[in-house]
Protein chains: 6
Amino acid sequence: MKLLVINPNTSDSMTRVIDQAARRYALPQTELVTLHLSRGPASIEGYLDAVVAAEATLELLLAHRADYDAFIIACFSAHGLHAAREQLEAPVFGIGEAAMLLACTLGHHFSVLTQPARSKPAVEEVIRGYGLWQRCASVRTVEMSVLALGDDAAATLANFTEAGRRAIEEDGAEVLVLGCAGLAGIDKALERALGVPVLDGVACAVKLAEACVGYGLRTSKAGGFAPPEPGTRAR
Amino acid sequence: MKLLVINPNTSDSMTRVIDQAARRYALPQTELVTLHLSRGPASIEGYLDAVVAAEATLELLLAHRADYDAFIIACFSAHGLHAAREQLEAPVFGIGEAAMLLACTLGHHFSVLTQPARSKPAVEEVIRGYGLWQRCASVRTVEMSVLALGDDAAATLANFTEAGRRAIEEDGAEVLVLGCAGLAGIDKALERALGVPVLDGVACAVKLAEACVGYGLRTSKAGGFAPPEPGTRAR
Amino acid sequence: MKLLVINPNTSDSMTRVIDQAARRYALPQTELVTLHLSRGPASIEGYLDAVVAAEATLELLLAHRADYDAFIIACFSAHGLHAAREQLEAPVFGIGEAAMLLACTLGHHFSVLTQPARSKPAVEEVIRGYGLWQRCASVRTVEMSVLALGDDAAATLANFTEAGRRAIEEDGAEVLVLGCAGLAGIDKALERALGVPVLDGVACAVKLAEACVGYGLRTSKAGGFAPPEPGTRAR
Amino acid sequence: MKLLVINPNTSDSMTRVIDQAARRYALPQTELVTLHLSRGPASIEGYLDAVVAAEATLELLLAHRADYDAFIIACFSAHGLHAAREQLEAPVFGIGEAAMLLACTLGHHFSVLTQPARSKPAVEEVIRGYGLWQRCASVRTVEMSVLALGDDAAATLANFTEAGRRAIEEDGAEVLVLGCAGLAGIDKALERALGVPVLDGVACAVKLAEACVGYGLRTSKAGGFAPPEPGTRAR
Amino acid sequence: MKLLVINPNTSDSMTRVIDQAARRYALPQTELVTLHLSRGPASIEGYLDAVVAAEATLELLLAHRADYDAFIIACFSAHGLHAAREQLEAPVFGIGEAAMLLACTLGHHFSVLTQPARSKPAVEEVIRGYGLWQRCASVRTVEMSVLALGDDAAATLANFTEAGRRAIEEDGAEVLVLGCAGLAGIDKALERALGVPVLDGVACAVKLAEACVGYGLRTSKAGGFAPPEPGTRAR
Amino acid sequence: MKLLVINPNTSDSMTRVIDQAARRYALPQTELVTLHLSRGPASIEGYLDAVVAAEATLELLLAHRADYDAFIIACFSAHGLHAAREQLEAPVFGIGEAAMLLACTLGHHFSVLTQPARSKPAVEEVIRGYGLWQRCASVRTVEMSVLALGDDAAATLANFTEAGRRAIEEDGAEVLVLGCAGLAGIDKALERALGVPVLDGVACAVKLAEACVGYGLRTSKAGGFAPPEPGTRAR
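Residues numbered from 1 in each chain as written. Chains lettered and ligands numbered in written order. Predicted model: local features only at pLDDT ≥ 70, side-chain atom pairs only at ≥ 80, totals over all residues. Heavy atoms only, no water.

Draft legend 1. Quick look at the arrangement of the chains. Where chain B comes nearest to chain E, the C-alpha atoms are still 15 Å apart, and the two do not contact one another. The two units chain C and chain F never meet; even their closest C-alpha atoms stay 15 Å apart. (Contact = heavy atoms within 4.5 Å.)

Draft legend 2. Local environment of the interface of chain A and chain B. Residue-level contacts link 38 residues of chain A with 37 residues of chain B. Summed over both sides, the interface between chain A and chain B buries roughly 3,200 Å², with carbon and sulfur atoms accounting for 60% of that surface. Run the count over chain A and chain B and you get 2 salt bridges. Arg39(A) is paired through a salt bridge with Glu55(B); the nearest N and O atoms lie 3.3 Å apart. Taken together, chain A and chain B are joined by 8 residue pairs in polar contact (both at pLDDT 80 or more). (Buried area = accessible area lost by both parts, 1.4 Å probe. Salt bridge = Lys/Arg side-chain N within 4 Å of Asp/Glu carboxyl O. Polar contact = N/O pair within 3.5 Å; in protein donor to acceptor, adjacent residues only side chain to side chain.)

Draft legend 3. Broad picture of the relation of the copies chain A and chain F. With an axial shift of 0.0 Å and an RMSD of 0.0 Å, the rotation relating chain A to chain F amounts to 180 degrees. Overall, the copies show the geometry of a two-fold rotation axis. When the interface residues of chain A are mapped onto chain F, 100% of them again lie at the interface, so the same face is used by both copies. (Least-squares fit on C-alpha atoms with pLDDT ≥ 70 in both.)

Draft legend 4. How the structure looks around the interface of chain A and chain F. Taken together, the contacts link 51 residues of chain A with 51 residues of chain F. Around 3,800 Å² of area is buried between chain A and chain F when both sides are counted, 63% of it from carbon and sulfur atoms. Contact with chain F buries area across many residues of chain A, yet Thr105(A), Leu106(A) and Tyr215(A) alone supply 20% of it, more than any other trio. Along the contact surface separating chain A from chain F lie 0 salt bridges. Here chain A is connected to chain F by 18 residue pairs in polar contact (both at pLDDT 80 or more). Of all the elements in the fold, those that place two or more residues in the side of chain A that touches chain F are helix H3 (81-87), strand S5 (92-94), helix H4 (95-103), helix H5 (120-129), helix H7 (187-194), strand S9 (198-199) and helix H8 (201-214) of chain A. Per-element accounting of the side of chain A that touches chain F gives the leading share, 8 residues, to H8(A). By residue class, the composition of the side of chain A that touches chain F is 26 nonpolar, 14 polar and 11 charged. (Helix = DSSP H or I, 4+ residues; strand = E, 2+ residues; numbered from the N terminus. Nonpolar A, V, L, I, M, F, W, Y, C, P; charged D, E, K, R; others polar.)

Draft legend 5. Spotlight on empty space enclosed by the protein. Tallying each qualifying case throughout the model produces 1 cavity of 30 Å³ or more. Counted as a void, the largest cavity has a volume near 30 Å³. In this structure, the largest cavity is lined by Leu101(B), Leu102(B), Leu208(B), Leu101(C), Leu102(C) and Leu208(C). Tallied by class, the residues present in the lining of the largest cavity amount to 6 nonpolar, no polar and no charged. (1 Å grid on protein atoms, 1.4 Å probe; cavity = no way out; pocket = protein on both sides within 12 Å on 5 of 7 lines; lining within 4 Å. Points joined across faces, edges and corners; volume = space filled by probe spheres on them.)

Draft legend 6. The pattern of salt bridges, seen in detail. Scanning the model with the defined rule gives 72 salt bridges over all chains in all. A salt bridge links Arg165(B) to Glu169(B); the nearest nitrogen and oxygen atoms lie 2.7 Å apart. Here Arg165(B) and its partner Glu169(B) are both found in helix H6 (residues 153-171), 4 residues apart, which amounts to about one turn of the helix. The class of Glu169(B) is exposed, set by a relative accessible area of 56%. A salt bridge links Glu191(F) to Lys188(F); its shortest N-O distance comes to 3.7 Å. Of this pair, Glu191(F) and Lys188(F) both sit in helix H7 (residues 187-194), 3 residues apart, roughly one helical turn. Residue Lys188(F) is classed as buried on the basis of its relative accessible area, which comes to 19%. Put simply, Arg39(A), Glu55(A), Glu59(A), Arg39(B), Glu55(B) and Glu59(B) are held in one network by salt bridges that share partners. (Buried < 20%, exposed > 50% of the residue type's maximum accessible area, 1.4 Å probe, protein only.)

Draft legend 7. Focus on the relation of the copies chain A and chain B. When chain A is fitted onto chain B, the two copies agree to an RMSD of 0.0 Å after a turn of 180 degrees and an axial shift of 0.0 Å. The residues that chain A uses at the interface reappear at the interface of chain B in 97% of cases, marking a shared surface.

Draft legend 8. Expanded view of unusual backbone geometry. All names here are of chain D. Following Gln115, the chain continues into Pro116 via a peptide bond in cis, with omega recorded as -5 degrees. The backbone of Ala78 sits at a positive phi, close to 50 degrees, despite the residue not being glycine. Summarising the element assignment, Ala78 is placed in the loop between strand S4 (70-73) and helix H3 (81-87).

Draft legend 9. Representation of the nonpolar core within the structure. With 187 residues, the main nonpolar core has Phe110(B), Leu199(B), Phe110(C) and Leu199(C) as its most contacted residues. Those residues within four positions of Leu199(B) in sequence are excluded, and the remaining contacts are Ala99(B), Leu102(B), Ala103(B), Leu106(B), Val175(B), Leu176(B), Val177(B), Leu178(B), Cys204(B), Tyr215(C) and Leu217(C). In terms of nonpolar packing, the next biggest core, distinct from the first, is built from 176 residues, Leu32(A), Leu37(A), Val51(E) and Ala78(F) among them. (Core = buried A, V, L, I, M, F, W, Y, C linked by side-chain atoms within 4.5 Å.)

Draft legend 10. Representation of the packing of helix H2 (residues 47-63) of chain E against helix H2 (residues 47-63) of chain F within the structure. In the contact formed by H2(E) and H2(F), the axes pass within 9 Å of each other and the chain directions differ by 140 degrees. Relative to H2(F), the element H2(E) lies oblique. When you trace H2(E) past H2(F), the crossing you get is left-handed. Where H2(E) approaches H2(F), its residues Leu48(E), Val51(E), Val52(E), Ala54(E), Glu55(E), Leu58(E) and Leu62(E) are matched on the opposing element by Leu48(F), Val51(F), Val52(F), Ala54(F), Glu55(F), Leu58(F) and Leu62(F). Along the lines of polarity and charge, the residues of the contact of H2(E) with H2(F) split into 12 nonpolar, no polar and 2 charged. (Axes fitted to C-alpha atoms, helices over the stretch in contact; angles between N-to-C directions. Parallel < 35°, antiparallel > 145°, perpendicular 65-115°, else oblique. Left-handed = near helix turned anticlockwise from the far one by under 90°.)

Draft legend 11. A look at the packing of aromatic side chains. A full pass over the atoms with the stated rule returns 18 aromatic pairs over all chains. Stacked on the ring of Trp133(D), the Lys or Arg Arg128(D) has its end atom at 4.2 Å from the ring centre. The ring of Tyr68(E) carries the charged tip of Lys2(E) above its face, separated from the ring centre by 5.7 Å. (Phe/Tyr/Trp six-rings, centres within 6.5 Å; stacked < 30°, edge-to-face > 60°. Lys NZ or Arg CZ within 6 Å of the ring centre and 35° of its normal.)

Below you can see the structure in the form of structure tokens.
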């Protein structure tokens, strides 16, 4: 099975973090490639970045559409996911979606830990969009930019440990979901610190992709992801 | 008050339809400009078109950000609306949002009439995203492409009259909302045929923009639409 | 356009506050009259007051039904709104409804600020009734009676500023909605103090009425607001 | 135990129907009085009738507040119920509420059968207001006015049998709730015809009142039903 | 009327508490028997206990099916309730269900007080299952095991008074529901301490059973509680 | 990885069907054992069967708790799943849950196809319990008993093809989920007939178990699945 992981920004360092997380739990039989965007934001810090990243992500996906059995958009909110599913028959996974779906099998409620504070309503909207609101205990945010995550690993771990502790104690979270691909490395450290399952979406998406491809599943073409009539695009 | 209406595709004919609908009910004191994209799809026929249109829409909005008091994205789903609100302080309106909000004051439940059939789950997701699901009687679709709407006006009217009739009789709709900017011209003809209010989102968004600007309202910058830290964009 | 604003109580001072708020942002072409009840409560402090006010409000509306293009019930909960829509073809607006609908275009979530504490479940029920619960961050109350609002302007502003601050910081409100017509004067002072849009429902309802009349919209008569068979009323 | 049943209209014949239904299943130890309004509509055929009836119902309730242990408002929608609970400490019951609460113990989903067709959204709003929407299979309506119910008993039974049959077969109803006090007599005939429990709200409210009084329950005064500060009422 | 109350565990002391609570408010004409399981857990402290108790409860119910007019499963979560309704025509009540349904008539929102903390998501799931989530202010837990409830009555009352106080002040509860049959004795003491209605489910279920039997209601056999085809059971 | 699949009934033939479905898509490195109950129903045809099966399932799971890395309860409704998660640290999966979670990644809405008609509300309750109602287009039932599924393969396929066709055309299903372990064999035949993904829960649960074990995930012990204090069980 060949799997393409797209980091929907231009950051080399974040791409490395994602690639490592993707490989760590992949099956031996999974051939995995991680690519980043050649244009677009260095990190998705807001809604505009997401719009720009979505288009570039789609370009990259379409350029490689024939070469892989499944695709992952390695951003919690996975901008462009619906468009990817419309364009491709091979299954496509968002990392937030993958982590939240697996979290549903491990506890009654999960919390999403993310950053910065400003992103909270956007993340909540994503969770509602997946129809998983009832299973969500809370979205807890840390006031750091996405790009700052890698700069001070100790501060990142401390901040997210505190956010996770409050999610467990105050919000009733039984499982924690990392709300950003840039956090991909800290799942097991956080798990040791807090004593609950901590799910990194990159790992989850890889495992879910292997599961779906292993069972021969492909995106449905019977409804909203049917390919539209080819239009007249003036670019 | 200066108002920019963006038709988020490259079609001249649809831009004319939108511009006429926008002007028909505008206040005398409203200066109104309608622009279309210089790149992007000729019509938004699916999710990929929407992704491409969103980025081009944002470019156009940002290029004109200093020149207008309010902005309208003339597509039912208004792709890029959140990004526009994040980037601007002046209010920004989607036409589907505007029509559904006004519809809430005229009857218990509205139905959205749109096309093609494939777009139904996408439109439903938009309605849920606005938090207006409880007020929605149904989404009724007609099997026509967006670009075909203008080709045969009689067939368009007949098809949507039938869809509207079923929404009223079978789904309990008391108000109808046109689910595509390309339908902008047919509101009053449909209203005469069916005897219920029929809301064109372009007209609604113009009136809502006048209302908000008249009361001095601007997009909140206190939460999810706060401007993000400027990132490092490699384009 | 002729617009009748009804203050559904017998207080002269509250009527003046409402009238001023209504005129402040009205279009030049809007002819606006504000009337109060000739019988009923001096203020709506609870459910019984609301029942009494609703009947008197309907009497007043019906007495003036032929003379105006649109009607406003200047109480957050707008008791009798459905009956008014049933009886009239001209559009009728509640001020809470109007403010919450406009708030939806300015931020992800709004909070309603109202008083007294006892009214919280009633206000929540109104928000649910409009189908806007998903967009509501919280209802924050201040322990003052409606009639006391005008007695000490500084205390009123201080109390509501504190309630608004907590709504923003603790509940994630991006927009604030004033939950009582008696608060009509303090919108812009509160906005300056808190840095987020603060919406007075009286102003919002005037602008929404102008918007709907400007677009030629009238209440739907196809379903729940169809006029009932004339009964035999023994009064 | 002394129980006051209020028929919130001025119809003698409907009062007799309600009184008979109330007595049929009452405990021997229950002293039961049924009164109708001295002013107000002959039947509640729409929203305006409901507003007028609510005020007259409250007057009647308050005039008799000291004389009974519990009160019933014998209208499905029970206009004025919240005001009655605010004003009284003795428990107050609506007949729709009572029937739907008991229905929840007899099957997964109930349907409400009512008339006329126009009342459907009003009834749905009442069900949502009680928070019982998840348990409701459907609201099925028959096109008859309330006053016409008594005129042709055979037609009434036939019409509601057909509505009930469709609720069971098409909507998955396991229990039927009569949606109008005027239907009080037909519960057992409908039950025999359709083979599912058919709940008349008048009987249900009597039994629920006996249950609550028997356990010594009274309306909570700790929140939304706390008595408001006495205002200055100009009547 | 003959009523069987089943305590779904093997504890003699809890059975006595339940039996006393059941008799305290029963009608004189109600013949009431309380039985406990002959096998199964001494108390239901978690999900496994509930599974074991459910089967033994059903055995007991089926052994006595011909002898009673109604049945009560005296556990908040009433494990096996659906199976009992499927097997019997006589009505069956859970005590949590009964208390929450009656609570709906006494205030806008109720809170459930239960123990231990670990049981919170299970209790929330039960409330959602009954479709009563909208009416629930909160589930507040005390960290005591079920069996410990009877050991120190003063500590039990103090702990639940504190939990109830926070439910009222912080969560907006107007009514309190005891979340465990083992709490059956403390309703009135808690009511005196907190000033709001406190509902013991055992008493509520007895009154609801009397109400339903008095009106001749039986479980619907038209849908989900229809008896299945007899299978081939190998035991 | 060692995986135990439990068929929660005593049927040999259904166990063979399940075992084949489980093996068909399992990884080579997965050691898989399928066991059936030694006591309990031959098939789960209703709520009572489910109660009996749940206890026997738990006994079997606990007897083998030390020997496997993950467990599957091969029944759509997976009775006893919460108890299994409470008792074990290794992850446990229900087949309905697994299929619906994977279905969420392949289309906007899924329908569940099951039998008999009577089971519809039970299946709907399971879907709501998982919090996946928003993603469910419908539950479509066929009037066959569980045990009859294997008797006439052609009739089974024809019946479910028709149910699936209606789910797609009338309800908007994009993905189909088989609602009974007894249907495990027909996924790919149905997929060919209908042109949309058809998910057998047995296969899905195997793949999900491999995914979770591969990533090192275990059931959370921080909340509702924490092991209870050992009680005093009298059996």
